[in-house]
Amino acid sequence: MSSVMVIIDGMTDNPIDEMEGKTPFQYAQCKNINFIRNNGSYGEFKTCPDGFKVDSMNCIMTLLGIDHHNIPRGRAYLEALAHEIPVDNDDLVMRCNIVTIDDYGRLRSSCGEGISREEFENIINDNAENFKENEKVKFYNIGGYKNILVIKGAKDEVERTITYAPHENLGDLIEDIMPRGSKVSIMLEKMINESRHNIKRPDEGFKEYMLMPWGESYVQEIPRFYELHNKKCACVCATEIVQGIALAMGMKVPRVKGATADVDTDLNSKLNSALSLAKEYEIVIVHINGTDEASHRKRPFEKASFLKDVDEIIVGGLIESKLFDNILVCCDHSSLSDKGSHRGGYQPFFLYNFKENNECFLGKIDGKEAITILARN
């Protein structure tokens, strides 16, 4: 039989006053996760290596057993890999968000909050048109506010280029978080300023937006999952960075109908995909991202409602299926609904073994041991 790891991205949070001082996870009253905690084992993983930024790439790679020495520089190449975007060995690759700015020139939202789908499409089309004349820069939309920039032949500029992840710098003045340090950064700053425009709405006045590139990277290899753990693995996910990690590690990554990487994702389709993969793969990873997105939008009630659905449909469905020897539910990092940002620290995990009924606290454990703990007999 297989074992399954459910990674709920950004599950943990701060207490919210409007939730009677509870976190969204506590407010959701996740009965199936609580069942695992009360009838299995639980503990805490150290998911982010010392000195690394608290983000999904670093934390999830740790949970998959990758040593910090092998974690690549930047996430954009892996996201490009997920979308089959062509990248040459000497290219520089960057994520590029559509962000919104408040009336004081500060970064208001890292994910284009308040911009409609139609407005996103217009912004994307306008910028794609602007880049047509520049053979050195390729612009690709990968969904909603997310884009990829490929800067041809600029790999050597990666180490000198300094950028700022939007979700880590909410509230900062735009002028303080411009790219810097290299020739590429000069070009990027010009691009950002040219992309800065207003959307005029009759009832709401103006909403200012712009492009913000970050997460600079290049083609890099990472260890294969089978080489690390001697087990075949599949990953059910829709988030680009997780798809890219899984593909780079040689995992099976099915395309799941209705999976959106947000709170509107089709959880039943993701469950059914995991159950189908259990027949062939020794380890199945299920990544859930809507919790992180709701936190970045600062919507704790949306997050709690989605957590309840994840608990009932995904975790409850996995338990009921009895197709897995072990079920591990864990979190990569905290995503804070009151701030819209990430936080590190030890993250809870809950482990259920169908062969044993062992209520115990396993303590604080290096996240690199997660697969070892999951796959034990």
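Basis of the calculations
Residues numbered from 1 in each chain as written. Predicted model: local features only at pLDDT ≥ 70, side-chain atom pairs only at ≥ 80, totals over all residues. Heavy atoms only, no water. Buried < 20%, exposed > 50% of the residue type's maximum accessible area, 1.4 Å probe, protein only. Helix = DSSP H or I, 4+ residues; strand = E, 2+ residues; numbered from the N terminus. Pairing = 2+ DSSP bridges. Salt bridge = Lys/Arg side-chain N within 4 Å of Asp/Glu carboxyl O. Contact = heavy atoms within 4.5 Å. Axes fitted to C-alpha atoms, helices over the stretch in contact; angles between N-to-C directions. Polar contact = N/O pair within 3.5 Å; in protein donor to acceptor, adjacent residues only side chain to side chain. Domains from an automatic or database assignment. Buried area = accessible area lost by both parts, 1.4 Å probe. Nonpolar A, V, L, I, M, F, W, Y, C, P; charged D, E, K, R; others polar.

1. Some details on the pairing of strand β3 (residues 92-101)
Across the ten residues of β3, ten count as buried, placing the element largely inside the fold. Along β3, one buried face is formed by L92, M94, C96, I98 and T100 and the opposite face, lined by V93, R95, N97, V99 and I101, is buried too. With six bridges connecting them, β3 and strand β6 (residues 146-151) associate as antiparallel partners. When the sheet's bridge partners are listed, L92 is paired in β6 with I151. Here two bridges tie β3 to strand β4 (residues 107-109), and the two strands are oriented antiparallel to one another. By the bridge assignment, T100 is partnered in β4 with S109. Where β3 folds back on β4, the antiparallel hairpin that results is connected by five residues, among which G105 adopts a positive phi of roughly 75°.

2. Focus: the pattern of salt bridges
As enumerated under the stated definition, the model contains 20 salt bridges in all. We note a salt bridge from E216 to R73, for which the minimum N-O separation is 3.0 Å. Here E216 is found in strand β8 (residues 205-217), whereas its partner R73 is found in the loop between α3 (56-63) and α4 (76-82), with 143 residues between them in sequence. Residue E302 pairs with R297 through a salt bridge whose shortest N-O separation is 3.1 Å.

3. A short note on the side chain of S295
Mapped onto the elements, S295 comes out in helix α10 (residues 290-296). Residues in contact with S295, not counting those within four places in the same chain, are G10, D13, K303, S335, L336, S337 and G340.

4. As for unusual backbone geometry
Trans is the prevailing form of peptide bonds, just as negative phi is the prevailing case for residues other than glycine. Its identity as a non-glycine residue notwithstanding, N230 has a phi of 60°, on the positive side. Within the element layout of this structure, N230 appears in the loop between α7 (225-229) and β9 (233-236). Of note, the phi angle at K298 is positive, near 60°, even though the residue is not glycine. Within the fold, K298 resides in the loop between α10 and α11 (300-321). By relative accessible area, K298 is classed as partly exposed at 41%.

5. Observations concerning α3
For α3, the buried fraction is high: eight of the eight residues fall into the buried class. Among all positions of α3, only S56, M57, N58, C59, I60, M61, T62 and L63 are buried. Two residues or fewer past α3, G65 is found with a positive phi of approximately 95°.

6. Observations regarding the sheet that holds strand β14 (residues 347-353)
Spatially, seven strands are ordered β9-β10-β1-β11-β14-β2-β15 in an open sheet, and the strand pairing comes out mixed. Each of the sheet's edge strands pairs with one partner strand only, and the pair in question is β9 and β15 (360-366). Strand-to-strand twist across the sheet, computed as the mean angle between neighbouring axes with direction ignored, equals 20°. The pairing of strand β2 (residues 41-46) with β14 spans five bridges and is antiparallel. Residue pairing across strands places E44 opposite P348, the latter belonging to β14. This element, α3, spans β1 (2-8), β2, β10 (283-288), β11 (324-330) and β15 of the sheet and lies at about 160° to β1.

7. Let's talk about the side chain of R75
Position of R75 relative to the elements: it lies in the loop between α3 and α4. In this structure R75 comes out as buried when scored by relative accessible area, which is 10%. At a separation of 3.2 Å, a polar atom in the side chain of R75 contacts the side chain of E79. The contacts of R75, once residues within four sequence positions are left out, are M57, R95, W214, G215, S217 and I241.

8. Examining the domain arrangement of the protein chain
Along its sequence, the protein chain is carved into domain 1 (2-72 + 221-375) and domain 2 (80-218). On the domain 2 side, the residues contacting the 16 residues of domain 1 number twelve residues. Between domain 1 and domain 2, roughly 1,200 Å² of surface is buried when both sides are summed, and carbon and sulfur atoms account for 48% of that area. Viewed at the interface, domain 2 and domain 1 are joined by three salt bridges. In this structure, K146 engages E240 in a salt bridge whose closest nitrogen and oxygen atoms are separated by 3.1 Å. Contributions of two or more residues to the side of domain 1 that touches domain 2 are made by α8 (240-248) and α10. Take the side of domain 1 that touches domain 2: its biggest share by element is five residues, from α8. Tallied by class, residues from the side of domain 1 that touches domain 2 come to three nonpolar, six polar and seven charged.

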